[in-house]
Amino acid sequence: MSASVDAAAATPVPTRRSRGQTLRLYGRRLLRQPIATVGTVIFIIFLLMAVFGPWIAPYGFEEQSIPDRLQSPTLQHPFGTDNFGRDVFSRIIVGARGIFLLGGTGTILAVLMGTTVGLVSGYFGGLLDEILMRLLDVLLSIPSLLLALVLLGTVGPSLINLILVVAVLYIPMIARVVRSMVLDLKTKEFVEAARIRGERDSYVLFREILPNALPPLLVEASMRFSYSIFLVASLGFLGLGVQPPSPDWGLQINEARNYLEGAPWMLAFPALAISMLVVATNLMSDGLRRVLQPGREDS
Amino acid sequence: MLIFIVRRLGFMVITLILASLLIFAATQILPGDVATMVLGRFATEQALDNFREEMGLNRSLIVQYGDWLLNFVQGDWGESLSTRADVRDLVMERLRNSAMLASVAFVMYVPLGIVLGVVAAIRRNSWVDHVISVGSLAFIGLPEFVTGLLLIAVFALRLDWFPSSSAIAPDAAFFERDTLERLVLPALTISLVSLAYIARMTRSSTAEVLSMDYVRTAYLKGLSRSRVIGRHVLRNALLPTVTVVAIGIGWLIGGLIVTESLFSFPGIGRLLLFGIQRRDLPLIQATTMVIVVIFTMANLLADILYGYLNPRIRFR
Amino acid sequence: MAASAETAPGREGRTVLEIEGLSVAYRTEEGDIFPVRDVSLTIAKGESFGLVGESGSGKSTLAMGAIRYLPANGRVTSGRVLLRGEDLLSLSDKEMRNVWGSRIAVVYQSPGNALNPSIRTGNQIAEVARIHLGMSKQEAHQRMLEMLEKVKMPDPESVARRYPHQLSGGMLQRCVVAQAMMTNPELLILDEPTTALDVTTQAVVLDLVAELKQEFDSAILYITHDLGVVARVCDRVGVMYAGEFMEQGGIHDLFKRPLHPYTLNLLGCVPHFSLGPRRKTLNTIPGFIPRLDELPEGCIFAPRCSLAEPECRVAQPPLVRAAEDHLTACRRWPVVPTPAEHMATITADLMQARGAAENRLLEARDVKKYYPVPTQGPFRQDKRKVKSVDGMTVWIDEGRTLGLVGESGSGKTTLARTIIGLVEPTEGTISLRGEILGPTTRSRERDVLRRIQMVFQNPDASLNPRQTVGQSIGRPLTLFGTPRHEVPRRVLELLEAVHLSPSYYHRLPSELSGGEKQRVAIARAFAAEPDLILCDEPIASLDVSVQGSLMNLLTTLQAEKGTSYLFISHDLSAVQHLSDWVCVAYLGYAMEWGDAGDVLNPPYHPYTEALLSAIPIPDPDVIQKNIRLEGSVPSAVDIPSGCRFHTRCPRFIGDICIQEEPPWREGEGDHWIYCHHTFEALVEMQKETLRLADHDHGTPGVEVQV
Ligand code: SF4
Ligand code: SF4
C-alpha cells in the first residue's frame, strides 16, 4: 500500500469540470429541440419586456389622447389605440411587467412553501405527513379559479392579495411533486448510505435529496408559472385582477369586448400576447423536462 | 370493493367538511368585518348593527360555522342579500343550465381528446403526433376568454352562424333549437382547454403502455396492429384517463365561470360572479359549496370506476 | 466467414433456422451503429442453441433482428434469415405476422410484464389458438387447458381464470411458455426467461424447458448471460462479444476445450462450486467491451486478449472450423490453453492475512423484525404482522466473512438493515465487541457508525447522481475526522485501492459503468475504515466478467485491512467462494449454519440441498440430482407451523414436521442443522445429490465426491 500512497500523492487531483460545461451540455440538448428553443426565446423576449418595459414603450401606458381613440395600427401606433386613445403596444409592453410580477412572485412563493411542505412531509412521514396531505387535498378539492375568485372577492384584489392567492393555489401541486420525489429518493441506497454514516437530517435533506429533486421541481415550477399567467389574465378579465388604469392584458381584452367589430386590434394584440407567452412557457417547460429529465415521458 | 367504496366515501366526507371550513373562513373570517364588507365603508353604525343582528354575526365564529353548515346540509341556504330570493332555488336553476352547457362540452371534448391522444401516441414522432402535441400544448395555453372572443368574432360576427350572446332564459328548455344553438359557441370555448389537457394525458399514458413488455408479446403473438391496440393497449391506457377526466372537471368549472360571463349565459358561474360583485355572502357560500360537492363527487366516482375497471384493485 | 455458410454435417434437411451474415443497424444521434455485424448460425429441429454474451454483446438484438422485431430506429442491413428455407426478410408485414406466434414464439425475461394485466390469463393464452389455428372459442379454451397441463401447471382451470398479478413469477413464466407452445412453433426463442426468478424457481423452469425439448420438436434459441444455464439446457452454444460470434460449438466441446480466449476467460470468471475449501482468485478480463462507435481494428477482442499479437490487430479474423462443429474467431486457436492450464497460470491462492480468529466482532441475537400488514385505511385494521426476520442469531469473527444465503423473502436483507440500524428490530439485540448497540442509527455513537459500513446491491442507486466520485468518497473521510487538506490525497489512495485511476475523481456517477460504480461504493465504505462491511448482493446485477474482478477486489481488501464481511447472496457459488462461515436462511429463520466447508458438504439441510441442486453449474458433465421445490415461498404473514419449510420440503417426514418445531442438531465441528432428520439419516439420503464430473483436464475448483 505504501507504494500506492506515494503514487497517489504524486498525482495531482485533476481539475474539475466547470459548471459552464454542464450548462453548455444542457444548452446543446435544448438546441436539438427547435420548438422548445423557440419557446424559450419568446419567453426571454417577454421577460426583457417586463424588466425594461417603461423604457421601451413609446408612450406612457396611461397617456390618453381622446382625438386619437380607436385608431387602427399605424406606424405611430403599431398595435393601434384603444377607446381612450391609449397606445395598445405600450400597454402590452408594460402589462408584461404585471404578469411577471404577479405570476412570477406567486410561483416563487408557492415553490418555496410547497417545497418545504413536500420535503418535511415526505421525509418525516407519519402522522404529520398524513395531516399535511389531507389539508392539501382540501385545497385541491376546490377548483383553482373558483378558490381564487372567492378569496379575492372577499379580501379585495390588491397586488399582495393576488400574489398570495397564486401562491396558495399552487402550493399543493408543488408540495405533491416534491413529496413524491422525496419518497422515491428516501429509499435510494445513497440516502441510506448517508444515514448509515450518521449524517444529520438537514444534510440528508439539503445535500442528498433536494439536489436530486430539483429537475422535476424546476419543470413543475415553470408549468405552474404558465398556469399562473393564465389565471392572472382570467382574473383580470373577470375584473378581479389588477385594477384599472394599470395595464393588464386580461383587462385590456375585457375592454376590447365592446369594440370587437370596430376595433378588432384591441382584442387581437393582447390576446396574441397572452397566448404567445403562455404557449412559449409551456413549450419551454416541455423542453426543460426533456433536457433535465431525459428518458422520461411527459407527465 | 365495498370496503374500498366505504373508505373513499369516508375520505370524501372529511374533505368536504374541511373544505366547508375553508370556504367559511374565506368568506366570513378573512375579510375582517363582514358587515363593512357587505354594506360598504360608508354604512352607518346603525345599519351595520342591524345587519350583524340579522345575520347572527354577533355570535362566536364556531357557533356561526356550525349553524351555517347545519343549515346548508338541511337544504336551508338562506336568502340572497341582493335579490332577496331564496338562494337554493336560484342556485338550482342556474346549476341546471350550467349542467346543460357542461354536458354539451363534455360530450365534445372527452371522446375527441381521447382519440387524439391515442392517435398521437400510436403515431409517435410522426408529423401527426407533432401537430397534436404542439397543438394541444398551445390550446392549453389559450385562456377561454381569448378563444371565446375569437370564436365570437369569427362564427358570430363574421359568419353569423351562431348568436354571439347565449343569454337564454334561465328556465329555457334544453331540447330547443334556440337553446342548443346558443350553447354551441360557449361549449366549444370551454372544450378547447380540456380537450388539449385530455389529449396530452392520454397520449402519455398510451405511450407508456405501448412500451410495456406485454404489448411486445401481443405483437409477437402475431396479432394485427388494430387488435393489439384495441384489445391490449386501450384497456390499460384508458384506465388512468378516468382519473384525468375527473381532474379535468376542475378545469371545466374554471372554464364555465369565464365562459358564462363572456357569453352572458345564466349559469352557476355567472351567478357566483354576480354574488361576488354584490358581496352577496349567502349566495357566494352556497354556490361555492355546491360546486365543491359536485367536483368532489366526480372525483369519487372516478376513483370507484377506476377501482372497478382495474383488476389489480378489484381483487385486493 | 469461411465456415459459416456450411451446415454442419448430418443436419441437412433438419435445419429449422438459418441466419446468414446478418447485420443490424441502429440510427442514433451520432449516426448509425451496428450492434450485430455479419453473424451466422443454424439451428436444427429439436436442437437448442444457447446464445451467450454479456450485456451489450448484441445477443437479443440478433434474435429480434432475425425475426424482424426491431425498434423503429433499428433495421437489418444485410444478410438472410431462413426459416425452413423461407426467407423471412423478404416477407411482407402481413405474412410476417402470420409467422409470429404460429411458427415463431418468443418468451421474455420478466414474466410479470409479459402478460397483459387486465385480461384473464387463460384468455390471453387461448387468443393464439384462435388467431393462428382458426379454433372456436371452446376449442381454443380446451387447447389452452391442455397446454397448461403440459407445462405442469397445478389446477389449470383456476389459473386460467385469474389475472396475471394473482400468479407467482414461476407460474407466470409457465403461462408464457404455454402460450408460446400453443401452436407447436418451429422456432422458440427464450430471451433470459429465468433471470428474474429465484434459483429454485429457475431450476423448475429449466426442467420444463428440457422436457419441452423432449415433447415438442421445436428448435430453441436460448438467450442468456449465464453459462450455467446454458450447460443445463443447450445442445450447442454460440458466444457473442460486441456484436460478433467469438466461438460456436457443441456444448461438451466448448466447455471442455474452449478455442477462443474470451470463452476461456468467461469460464474462469464464474466461481465454480466445489465441495472442497479451495479459495482461489477468480479470472478477470482487463478492459471493457468496446463501444460500438469505436470498435478496434482487426480482432475486436484484441485490446483485452492476453494472447494478442500484432497481426491480430490488422484484419478481423474469420470464424474458422477448428474441429467438427466447432468454430472459433481466434486466429491463434491452436495455442489457446486448456482450461486447466489457464486456471493454473491465472489464479493464485487467496491471501490469508487474518485477524486472530475466535475474536467475536459482531453478534446479532434473536433478531426479529415484524412489519404491520399494509392496511387499507382507517376502516380495516389488520393485526397480523409480516414476519420478515423471525428470530435469527448470527455472529461474525474478526477478519472473517459470514455468507448469508437465501432466496427472496428469506429476510437476509432485512437482517443486514437491522444490524446497521436502518430498521429498528422488533426484538433482539445487536452487539459489537460485546457492547450492545442502539437499535437505530440515530441512537448510535458516531464511532460505532463508522465501524459498520454497507455496500448495496444496486450500483445505480448507491451513489448520489449529483455528487462526483471524489465528493462521494471524501464525505465519510471529512465526517469521521480526516483533516480537510488530507482528504483529496486519501480519496486518491482509495481510488487506487479499488483500481480506479485518479481521472475518476471528478466524474459523475452517470459517466461510470455498473462495475465502476460498485468500486466507488466499496471505496466509500472503506473510507470510514470500518471493522465490518455488510455486502448486500454487491455483484448480483453485474456482468460475469465484472463480478469476478469485484470478488477478487473484496478478498484482497479484506486480506489487507482485516475487515470482516457479511456477504449476502442468493448465489451459493459466490458465497462459497468468499465465506468462512455460511448461514442458510428461509422465511426469516436460519435453517443451517456453520463453517463453510461443513455447510456446503453433506449432510445438508433439506433446503440447502434443494438450493444446491438448483444452481446451474457451468459444466455440462456435472450430474445434479433433481430436487425441486414446488410452489412458492409462503407468505411471511402466515408462517407454516412446526418446521416452516414443511410446505415445500422434499425430505418431508410427516406430521412431526407440521406439528413440532425441529431441534437444532449439532454436527462435527461447528455445524448446525435445523431438522427432524438426524445427521446420519441425511447423509444416507443425500449420497446422490451432487456428483461433480471428473474431467480429464480437471477444472480447478471441481472435485469428485467419492
Ligand atoms: S485473434 Fe488474436 S487478439 Fe483475437 S482472440 Fe485470437 S489471439 Fe486474441
Ligand atoms: S423438519 Fe421436516 S420439513 Fe423441516 S426440513 Fe426437516 S424434514 Fe423437512
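Criteria and thresholds
- Residues numbered from 1 in each chain as written.
- Chains lettered and ligands numbered in written order.
- Predicted model: local features only at pLDDT ≥ 70, side-chain atom pairs only at ≥ 80, totals over all residues.
- Heavy atoms only, no water.
- Helix = DSSP H or I, 4+ residues; strand = E, 2+ residues; numbered from the N terminus.
- Contact = heavy atoms within 4.5 Å.
- Areas by Shrake-Rupley, 256 points an atom, 1.4 Å probe, with all protein chains shown as cover.
- Lys, Arg positive; Asp, Glu negative; His and termini not counted.
- Charge placed at Lys NZ, Arg CZ, Asp CG, Glu CD.
- Pairing = 2+ DSSP bridges.
- Buried area = accessible area lost by both parts, 1.4 Å probe.
- Salt bridge = Lys/Arg side-chain N within 4 Å of Asp/Glu carboxyl O.
- Nonpolar A, V, L, I, M, F, W, Y, C, P; charged D, E, K, R; others polar.
- Buried < 20%, exposed > 50% of the residue type's maximum accessible area, 1.4 Å probe, protein only.
- pLDDT = per-residue confidence, 0-100.
- Phe/Tyr/Trp six-rings, centres within 6.5 Å; stacked < 30°, edge-to-face > 60°.
- Lys NZ or Arg CZ within 6 Å of the ring centre and 35° of its normal.
- Core = buried A, V, L, I, M, F, W, Y, C linked by side-chain atoms within 4.5 Å.
- Near = heavy atom within 4 Å.
- Axes fitted to C-alpha atoms, helices over the stretch in contact; angles between N-to-C directions.
- Right-handed = clockwise from strand over helix to strand, strands pointing away.

A.B. asks: Pulling in residues and values, what's your account of the overall build of chain B?
C.D. replies: Looking only at helices and strands, chain B features 13 helices and zero strands. The helix and strand sequence of chain B, counted from the amino end, reads α-α-α-α-α-α-α-α-α-α-α-α-α. Counting only C-alpha atoms and orienting by the principal axes, one finds that chain B spans roughly 85 × 55 × 35 Å. Long-range pairs, those at least 24 residues apart, make up 72% of the contacts in chain B between residues at least 6 apart in sequence. Of the roughly 13900 Å² of accessible surface on chain B, 64% is carried by carbon and sulfur atoms. Averaging the coordinates of the 28 positive side-chain charges in chain B and doing the same for the 23 negative ones gives two points 18 Å apart.

A.B. asks: Describe the sheet that holds strand β14 (residues 385-397) of chain C, with residues and values.
C.D. replies: The pairing of strands in a sheet comes from backbone hydrogen bonds and takes either a parallel or an antiparallel form. All names here are of chain C. Reading across the sheet, the four strands line up as β14-β13-β16-β17 and stay open at both edges, with antiparallel pairing between neighbours. Bordering the open sheet on either side are β14 and β17 (435-436), each of which pairs with just one other strand. Across 10 bridges, strand β13 (residues 360-372) lies against β14 in antiparallel orientation. Counterpart to Lys369 in the pairing with β14 is Val389.

A.B. asks: Pulling in residues and values, what's your account of the interface of chain A and chain B?
C.D. replies: When the parts of a complex come together, some accessible area is lost, and that lost area is often used as the size of the interface. If you look at the interface, chain A gives 42 residues, while chain B gives 49 residues. Of the roughly 4000 Å² buried at the junction of chain A and chain B (both faces included), carbon and sulfur atoms supply 77%. Summed over the three residues of chain A that lose the most area to chain B, namely Leu146(A), Thr154(A) and Phe230(A), the buried surface amounts to 14% of that side. Taken together, the connections running from chain A to chain B amount to one salt bridge. Linking Arg200(B) and Asp286(A) is a salt bridge whose minimum nitrogen-to-oxygen distance equals 3.3 Å. When its residues are assigned to classes, the side of chain A that touches chain B shows 27 nonpolar, eight polar and seven charged.

A.B. asks: How would you summarise the pattern of salt bridges if you had to cite specific residues and measurements?
C.D. replies: Counted under the stated rule, the structure contains 53 salt bridges over all chains. In this structure, Asp129(B) engages Arg203(B) in a salt bridge whose closest nitrogen and oxygen atoms are separated by 2.8 Å. With a gap of 74 residues between them, Asp129(B) in helix α6 (residues 127-140) and Arg203(B) in helix α8 (residues 177-210) connect regions that are remote in the sequence. The class of Arg203(B) is buried, set by a relative accessible area of 9%. Residues Lys213(C) and Asp235(C) are paired through a salt bridge, measuring 3.3 Å at the closest nitrogen-oxygen approach. Residue Lys213(C) is located in helix α8 (residues 199-215), and its partner Asp235(C) is located in the loop between α9 (227-233) and β9 (236-241); the two are separated by 22 residues in the primary sequence. In this structure Lys213(C) comes out as buried when scored by relative accessible area, which is 19%. A residue is classified by how much of its surface remains accessible, and Asp235(C), at 30% relative accessible area, is partly exposed.

A.B. asks: Describe the confidence of the model for chain A, listing the residues and the values that go with them.
C.D. replies: Residue and element names in this part refer to chain A. Mean pLDDT over chain A stands at 80; residues scoring 70 or higher make up 83%. Mean pLDDT per element in chain A: helix α1 (residues 2-10) is the minimum at 39, and helix α8 (residues 189-197) is the maximum at 92. Counting interchain partners and residues more than four positions distant, the pLDDT-below-50 stretch residues 1-11 has 13 contacts.

A.B. asks: So what's going on with unusual backbone geometry? Which residues, and what values?
C.D. replies: Residue and element names in this part refer to chain C. For Asp38, which is not glycine, the phi torsion reads 50° and is therefore positive. With respect to the element layout, Asp38 can be found in strand β2 (residues 31-44). In this structure, Arg68 takes a positive phi of about 60° despite not being glycine.

A.B. asks: Provide a residue-level description of the packing of aromatic side chains, including the pertinent values.
C.D. replies: Describing an aromatic ring pair means giving the distance of the ring centres and the angle of the ring planes. Scanning all chains against the criterion turns up 30 aromatic pairs over all chains. Each ring, one from Tyr65(B) and one from Trp68(B), has its centre 6.1 Å from the other, and the planes form 40°; the classification is tilted. Of this pair, Tyr65(B) and Trp68(B) both sit in helix α4 (residues 61-73), three residues apart, roughly one helical turn. Between Phe106(B) and Tyr109(B), the ring centres sit 5.7 Å apart and the planes meet at 75°, which makes this aromatic pair edge-to-face. Of this pair, Phe106(B) and Tyr109(B) both sit in helix α5 (residues 87-122), three residues apart, which is roughly one turn of the helix. Residue Tyr109(B) is classed as buried on the basis of its relative accessible area, which comes to 1%. Above the ring of Tyr371(C), the side-chain terminus of Lys369(C) is found at 4.9 Å from the ring centroid. The lysine or arginine in question, Lys387(C), covers the ring of Tyr370(C), its NZ or CZ lying 5.7 Å from the ring centre.

A.B. asks: So what about the interface of chain C and chain A? Which residues, and what values?
C.D. replies: Residue-level contacts link 40 residues of chain C with 31 residues of chain A. Both sides together, the interface formed by chain C and chain A hides about 3100 Å², and carbon and sulfur atoms give 57% of it. Considering only the surface of chain C that becomes buried against chain A, Arg466(C), Arg475(C) and His506(C) emerge as the three largest contributors, covering 18% of it. Inspection of the region where chain C meets chain A yields three salt bridges.

A.B. asks: Got a sec to walk through the nonpolar core? Specific residues and values, please.
C.D. replies: Leu149(A), Leu235(A), Trp249(A), Ile253(A) and Val91(B) are the most contacted members of the largest nonpolar core, which has 128 residues in total. Among the elements that make up this core, the one with the highest residue count is α5(B) (13 residues). Apart from the residues within four sequence positions on either side, Leu235(A) is in contact with Leu145(A), Ala148(A), Leu149(A), Leu152(A), Leu162(A), Leu240(A) and Gly241(A). Val128(C), Ala140(C), Ile220(C) and Val229(C) belong to the second-largest nonpolar core, a separate cluster that totals 66 residues.

A.B. asks: So, the site of ligand 1: which residues are in play, and what are the values?
C.D. replies: Lining the immediate surroundings of ligand 1 are His260(C), Pro261(C), Cys299(C), Ala302(C), Cys305(C), Leu307(C), Ala308(C), Cys312(C), Pro317(C), Cys330(C), Arg331(C) and Arg332(C). Class assignment of the residues belonging to the shell around ligand 1 gives a composition of nine nonpolar, one polar and two charged.

A.B. asks: Give a detailed account of the environment of Ile253(B), specifying residues and quantitative values.
C.D. replies: Mapped onto the fold, Ile253(B) is located in helix α10 (residues 225-263). Taking C-alpha positions, Ile253(B) is 9.0 Å from Ile190(B), a pair spaced 63 residues apart along the chain. Those residues within four positions of Ile253(B) in sequence are excluded, and the remaining contacts are Pro143(A), Ile291(B) and Phe295(B).

A.B. asks: Outline the sheet that holds strand β7 (residues 187-191) of chain C, supporting the account with residue identities and numerical values.
C.D. replies: Residues and elements named next belong to chain C. Spatially, eight strands are ordered β6-β7-β8-β3-β9-β10-β12-β11 in an open sheet, and the strand pairing comes out mixed. Edge positions in the sheet fall to β6 (104-107) and β11 (320-323), since each of these pairs with one other strand and no more. Mean inter-strand twist for the sheet, computed between neighbouring axes without regard to direction, equals 20°. As defined by bridge partners, β11 adjoins strand β12 (residues 326-328) across three bridges and the pair is classed as antiparallel. Counterpart to Val320 in the pairing with β12 is Thr328.

A.B. asks: Summarise the pairing of strand β8 (residues 219-224) of chain C; cite the residues concerned and give the values.
C.D. replies: Side-chain positions along a regular strand alternate between the two faces of the sheet. All names here are of chain C. Summarising burial for β8: six of the six residues are buried, a large majority. Side chains Ala219, Leu221 and Ile223 project from β8 onto one buried face, and the interleaved Ile220, Tyr222 and Thr224 project onto a second face that is buried too. Where β7 lies against β8, five bridges are found, and the strand directions are parallel. Along β8, the bridge assignment pairs Leu190 with Tyr222. Between β7 and its parallel partner β8, the chain crosses via α8, and the hand of that crossover is right-handed.

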